[in-house]
Each structure stands twice: as C-alpha cells, then as structure tokens.
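A look at the structure
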Amino acid sequence: VGGYAYSGNLELKQMVNKFYQNGIGVIAAVDLYDFSSEFLQNLNKIDREYYLTDDEKIDINQYMVQKYIKDLIDYLSIEYKFEGIKIENMGKLTVDLVNSISSILDSINSNIILYGDGSYEQENQNLAGENNLSKLNGVSMINGSLSYGLLGNINDGVSTGVLTNNFSDSSMESIKFALLSGMATNYIDYSLVQGVSYHNSWGNTTSYQLVNYITAAKGLSIHDKLFLNGISSNTLMQQKVILAYGTLMVSGGIPCITAG
C-alpha cells in the first residue's frame, strides 16, 4: 500500500478497515531513508545542517530524525491499523533504530510483521543489513536465494535455474538455503548461495526471519522468465509454476507471493 503518505486519506482507511473486517491484514511499504524532495526541502527550511547529510539524505543519526521516524511508524500502525510494515532501504537504518521500531509495533500489536530488504553491498556493523540480521529483534528480511535457485536472476532472460534444468551446485545450494531457513548447518555450502550478500550471518536466525519469494515487484514474472528460458508449452509452464510455489510453501520462513 502506497497511499499512507496522505494522512487524511479516508479512502485508504476505509479500504484497510474492510480488509481487516474480513480477516485480511494490510502491509504498508515505507521508505524511511529516501524521502521525497518536497519533504527534504521543508526540513531544509527548519535547519539544513541538522536534518540532512552532505549528500542531501536524511541524517538518521540525529535524535529528532529518529523520533520523527518512530512517531511516523506509531501513527501509521494505530491510525490505519496496518498489520505489517515493510521497510524499504532497511540497510540504511541503524540496528538500534530498527529494533526500536520493532518494539513500538510489538507494543501496539504483537502479531504485526516487520520486514525489510537488506541486500546491500557494503558490510557495516551498525546498520540493519543482512550481516546484522541476528542482531535484529522480531524483524524479518527478504531472502532471494530460492528465486535464484529456481529461476536464476529474474532481472534477465538468459540466466537459468533448476526449473530449466540448471542443476549447478550454486542453484542447488541456493534452494537448500531457503528450505532450511538459512540455519547454520553442514548441509549447505554457504559460499555458493546466490541471492544473499552475507551468507554465513544468517545462521543464527530463526525461521520467521526469512521472507522467501519466487518473483518480486521488480524483475520478470515467473511466466515471462520461464518463457524466455525456452518453456513454451502451456501445460509444462503450469507444472513448473506449481512446482515453484510448492517449493516456496514448504521452505522455512514466510512465503511472499507477488503477482502483477
């Protein structure tokens, strides 16, 4: 849901409430780092040097910036009754800040899910990226290993996975990583796992901390990916799709099904 930016959006509240009445929770995707230029310009008018960094990004190390973020999460969860929060750019926030957000959500509703995308190139001991997942409390993270193992890179039509007969060691280890919830085990060669940046750091996590997917909001759909990899028969295509999502549902962690 993207309409949360409008605090007076009555229609959004009505929609979320209708889902809630029918036993369906709504997750809001929020970016707490890459704010709009209009919002940053307003902060500039208050105090440019306090709220922003030299590269015109929000300065997450400042107390009032952290307070704003925590107040925003508190407001969204209570006002809109969201059942989950997905943090875009979570690896740009500090571990302490994300844990504070988790505590706020837990105090509102212990069933709220909090997760983010933590695939970042640079390891930092203070930021909430993949390498620090074990330091995050009640926080889950998107895991791309199953997608890579089954399909290859969904951002191109060339690479392949197990569904198109690529039974390489990296494809097989990537699937096992998802099936075993990323747990530390001698059954996985972590150096071969694709779709995650810091393979070994996932070993001290619990299964609910992995959010597995086949295809994501960005990239090819499973149909297009398989078609570009040479699957033209509708019957075979259907069988491949069923096998993919069956594997997703039996993997350790939380299944994320994206359509569209």
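Keep in mind that what you see is a predicted model, and the values were worked out from it rather than measured.

This part covers the overall build of the chain. Within the chain, the secondary structure is distributed over eight helices and six strands. Against the globule reference of 18 Å for 260 residues, the chain gives a C-alpha radius of gyration of 20 Å, in line with a compact fold. Principal-axis analysis of the C-alpha atoms places the extent of the chain at approximately 60 × 40 × 35 Å. When burial is assessed residue by residue, the chain has 42% of its 260 residues classed as buried. Across the chain, contacts joining residues at least 24 apart in sequence account for 68% of those joining residues at least 6 apart. For the chain, the accessible area works out to roughly 13500 Å², and carbon and sulfur atoms hold 50% of it. Counting 15 positive and 26 negative side-chain charges, the chain places the centres of these two groups 5 Å from one another.

Taken together, the six strands give an open sheet; going across it, the order is E1-E2-E3-E4-E5-E6, and neighbouring strands pair in parallel fashion. Two strands lie at the open edges of the sheet, namely strand E1 (27–31) and strand E6 (254–256), each paired on one side alone. Looking at each pair of strands side by side, their axes are set apart by 30° on average, direction ignored. Sheet topology places E1 next to strand E2 (residues 84–88); five bridges connect them, and they run parallel. Bridge assignment links Ala 29 to a residue of E2, and that residue is Lys 86. Packed onto the sheet, helix H4 (residues 95–108) meets E2 and strand E3 (113–116) and runs at close to 160° relative to E3.

Residues Leu 179, Leu 180, Met 183, Tyr 187, Met 249, Val 250 and Ile 257 make up a contiguous nonpolar surface patch of roughly 720 Å² in combined accessible area. Looking at the secondary structure, you find Leu 180 in the loop between helix H6 (169–179) and strand E5 (210–213).

The contact between helix H2 (residues 37–51) and helix H3 (residues 63–79) brings their axes to 11 Å, and the two run at 145°. Read as a crossing pair, H2 and H3 show a hand that is right-handed. Packed against H2, whose contacting residues are Phe 39, Tyr 50 and Tyr 51, the element H3 presents Tyr 63, Met 64, Val 65 and Tyr 68 at the interface. Classifying every residue of the contact of H2 with H3 gives seven nonpolar, no polar and no charged.

Quick notes on the rules
- Residues numbered from 1 in each chain as written.
- Predicted model: local features only at pLDDT ≥ 70, side-chain atom pairs only at ≥ 80, totals over all residues.
- Heavy atoms only, no water.
- Helix = DSSP H or I, 4+ residues; strand = E, 2+ residues; numbered from the N terminus.
- Rg over C-alpha atoms; globule rule 2.2 N^0.38 Å.
- Buried < 20%, exposed > 50% of the residue type's maximum accessible area, 1.4 Å probe, protein only.
- Contact = heavy atoms within 4.5 Å.
- Areas by Shrake-Rupley, 256 points an atom, 1.4 Å probe, with all protein chains shown as cover.
- Lys, Arg positive; Asp, Glu negative; His and termini not counted.
- Charge placed at Lys NZ, Arg CZ, Asp CG, Glu CD.
- Pairing = 2+ DSSP bridges.
- Axes fitted to C-alpha atoms, helices over the stretch in contact; angles between N-to-C directions.
- Patch = residues over 30% accessible without salt bridge, like charges linked within 9 Å, V, L, I, M, F, W, Y side chains within 5 Å.
- Salt bridge = Lys/Arg side-chain N within 4 Å of Asp/Glu carboxyl O.
- Left-handed = near helix turned anticlockwise from the far one by under 90°.
- Nonpolar A, V, L, I, M, F, W, Y, C, P; charged D, E, K, R; others polar.

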